[in-house]
Amino acid sequence: MLRDPYPPYRADMAVLFGRCLPLRGIQTDLLAAMDPGRPQTPWPAGKSIVRRLPGPRWFAYLCLPLVDLPIFGWARQADFVQARDRIRSGLIGLLAARIFAKPFIYWMSFPIAQGHEVRARELRIEDGKLRKAAAHARAWLAQRAESWVLQRADHLFVQSQAMRDGLVLTGLKPEKMTVVPMGIDLDRFLPAPTPFSDPILSNRRVIAHLGTIGRSRSTDFLLELIQTLRVEFPDVLLLIVGDGLNEDDRHWIRQELIQRDLAKHVHLTGWIEQSEALRWVASASIGLSPIPRGALFDVS
């Protein structure tokens, strides 16, 4: 039961579950929502049900648990049921596991409920009082549902030792958790990617950031950095290979570039295929991965 859209792109799913575990005789059946913007490839590690969610984003979010209903047909034959970073799916998976007397595992690679709380705090009054109130209600419900699922799961996979230490403080037993740090797909880096050739990069001092950006990730730090550097180095270029995870962050970064007059010093690629992204990054002289301190990202 996967939170990320299908086909999975993170190494822990695409490589660990999709490629490595099958070589050891471990098959994984997958329930996920379709990413209409990416080519749909077969899941190589078992059965899969992938569904396109209907309507606008808010309606699709409400319908997301419908993707997981086949778990009640699959759980009888499964060795265990697992949900990854999906709180509502955790509730459904836990119920299915209990009905068929199967172990239930929750994989927590990111504090999703805390993420909802941070996003609710980031919304301003001008974003709409109703929207802000709904975001706070969502965060409140997510925190309580997540706590309920974590307490009743038979085992937890967590992202880091820091995440396990934090969950121990909430009352969970350390022996109930196994730390599984996020990995990479080495095959994608061997041989080294060929640097991308583009006029945008020509005769520029390129600093690259690869991945997700947004207010909660303090991306404004990178913009302030470039504002300072361009005074002494007019040829500096911040290459952001990635984008915001939601419409709010995608709109925010583009407005910041306009307000800070950084259009000539920042290039934003948006979400692109990883093979292409690595070629962009290979063109840079310096790579930056600033991670703001706090409960949300310290567990990374």
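So, a few notes on the structure that sits alongside this text. What you see is a predicted model, and the numbers here were worked out from it, not measured in a lab.

### Re unusual backbone geometry
No. 1: A cis amide bond links Y6 with the next residue in sequence, P7, at an omega value of 0 degrees.
No. 2: Checked against the element boundaries, P7 lands in the segment before α1 (11-23).
No. 3: That bond from L190 to P191 is cis: its omega, -5 degrees, falls within 30 degrees of zero.
No. 4: Following the sequence through the fold, P191 ends up in the loop between β6 (177-179) and β7 (205-210).
No. 5: At D261, a position not held by glycine, the phi torsion is positive, near 55 degrees.

### Overview of the sheet that holds β6
No. 1: Strand order in the open sheet made by the four strands is β3-β4-β5-β6, with parallel pairing throughout. A strand with exactly one partner marks an edge of an open sheet, and here the two such strands are β3 (81-84) and β6. Sheet twist, expressed as the mean angle between neighbouring strand axes with direction ignored, is 20 degrees.
No. 2: Pairing analysis gives four bridges linking strand β4 (residues 104-108) to strand β5 (residues 155-158), with the strands arranged parallel. Looking at the pairing, Y106 lines up with L156 of β5.

### Describing the packing of helix α4 (residues 87-99) against helix α6 (residues 129-152)
No. 1: Running from N to C, α4 and α6 cross one another at 35 degrees; their axes reach a closest spacing of 9 Å. Relative to α6, the crossing made by α4 is left-handed. The segment α4 lies against α6, with I87, G90, L91, L94 and R98 engaging A142, A145, E146, W148, V149 and R152.

### A word on the side chain of R86
No. 1: One can find R86 in the loop between β3 and α4.
No. 2: Given a relative accessible area of 4%, R86 falls into the buried group.
No. 3: Among all residues touching R86, those that are not within four sequence positions of it are M1, L2, R3, L31, L64, P65, D68 and Y106.

### Quick notes on the packing of aromatic side chains
No. 1: A full pass over the atoms with the stated rule returns four aromatic pairs.
No. 2: Judged by centre distance (5.4 Å) and plane angle (50 degrees), the ring pair of F17 and W107 falls under tilted. One end of the pair, F17, is in helix α1; the other, W107, is in strand β4, and 90 residues separate them in sequence. The same class applies to F17 as to W107, namely buried.

### Points about the nonpolar core
No. 1: If you look at the biggest cluster of nonpolar residues, it comprises 30 residues, and the most contacted ones within it are F104, Y106, L156 and L167.
No. 2: Looking at this core, the elements with two or more residues in it are α3 (71-74), β3, α4, β4, α5 (112-122), α6, β5 and α7 (161-169).
No. 3: When residues in this core are grouped by element, the largest group, five residues, is from α4.
No. 4: Residues in contact with L156, not counting those within four places in the same chain, are Y106, L150, L172, K176, M177 and T178.
No. 5: In this structure, L223, L238, I253 and L262 belong to the second largest nonpolar core, which totals 14 residues.

### Considering the pattern of salt bridges
No. 1: With the rule as written, the count across this model stands at 17 salt bridges.
No. 2: Salt-bridge contacts for R98 lead to D154; the nearest nitrogen and oxygen are separated by 3.2 Å. A residue pair is termed long-range when its members are at least 10 positions apart, and R98 in helix α4 and D154 in the loop between α6 and β5 qualify at 56 residues.
No. 3: The class for D154 is partly exposed, based on a relative accessible area of 41%.

### Topic: the sheet that holds strand β9 (residues 266-268)
No. 1: The four strands are arranged β9-β8-β7-β10 in an open sheet whose pairing can be described as parallel. One side of each edge strand has no neighbouring strand; the edge strands of this open sheet are β9 and β10 (286-287).
No. 2: Examined bridge by bridge, β7 and strand β8 (residues 236-241) share six bridges and lie parallel to one another. From the neighbouring strand, R205 faces β8, where its bridge partner is V236.
No. 3: Lying on the sheet, helix α8 (residues 220-232) is in contact with β7, β8 and β9; it crosses β8 at an angle near 160 degrees.
No. 4: The strands touched by helix α10 (residues 274-281) within the sheet are β7, β8 and β9, with β8 carrying the most contacts at an inclination of about 165 degrees.

### Quick look at α5
No. 1: By the burial criterion, the buried members of α5 are I112, A113, G115, H116, V118 and A120.
No. 2: Taken together, the buried residues of α5 touch α4 and α6.

### Observations concerning the pairing of strand β1 (residues 30-33)
No. 1: Residues of β1 alternate between two faces, with L30 and A32 on one and L31 and A33 on the opposite face, all of them buried.
No. 2: Sheet topology note: the β1/strand β2 (residues 48-51) ladder contains four bridges and is parallel. Bridge assignment links A32 to a residue of β2, and that residue is V50.

The rules we used
- Residues numbered from 1 in each chain as written.
- Predicted model: local features only at pLDDT ≥ 70, side-chain atom pairs only at ≥ 80, totals over all residues.
- Heavy atoms only, no water.
- Helix = DSSP H or I, 4+ residues; strand = E, 2+ residues; numbered from the N terminus.
- Pairing = 2+ DSSP bridges.
- Axes fitted to C-alpha atoms, helices over the stretch in contact; angles between N-to-C directions.
- Left-handed = near helix turned anticlockwise from the far one by under 90°.
- Contact = heavy atoms within 4.5 Å.
- Buried < 20%, exposed > 50% of the residue type's maximum accessible area, 1.4 Å probe, protein only.
- Phe/Tyr/Trp six-rings, centres within 6.5 Å; stacked < 30°, edge-to-face > 60°.
- Core = buried A, V, L, I, M, F, W, Y, C linked by side-chain atoms within 4.5 Å.
- Salt bridge = Lys/Arg side-chain N within 4 Å of Asp/Glu carboxyl O.

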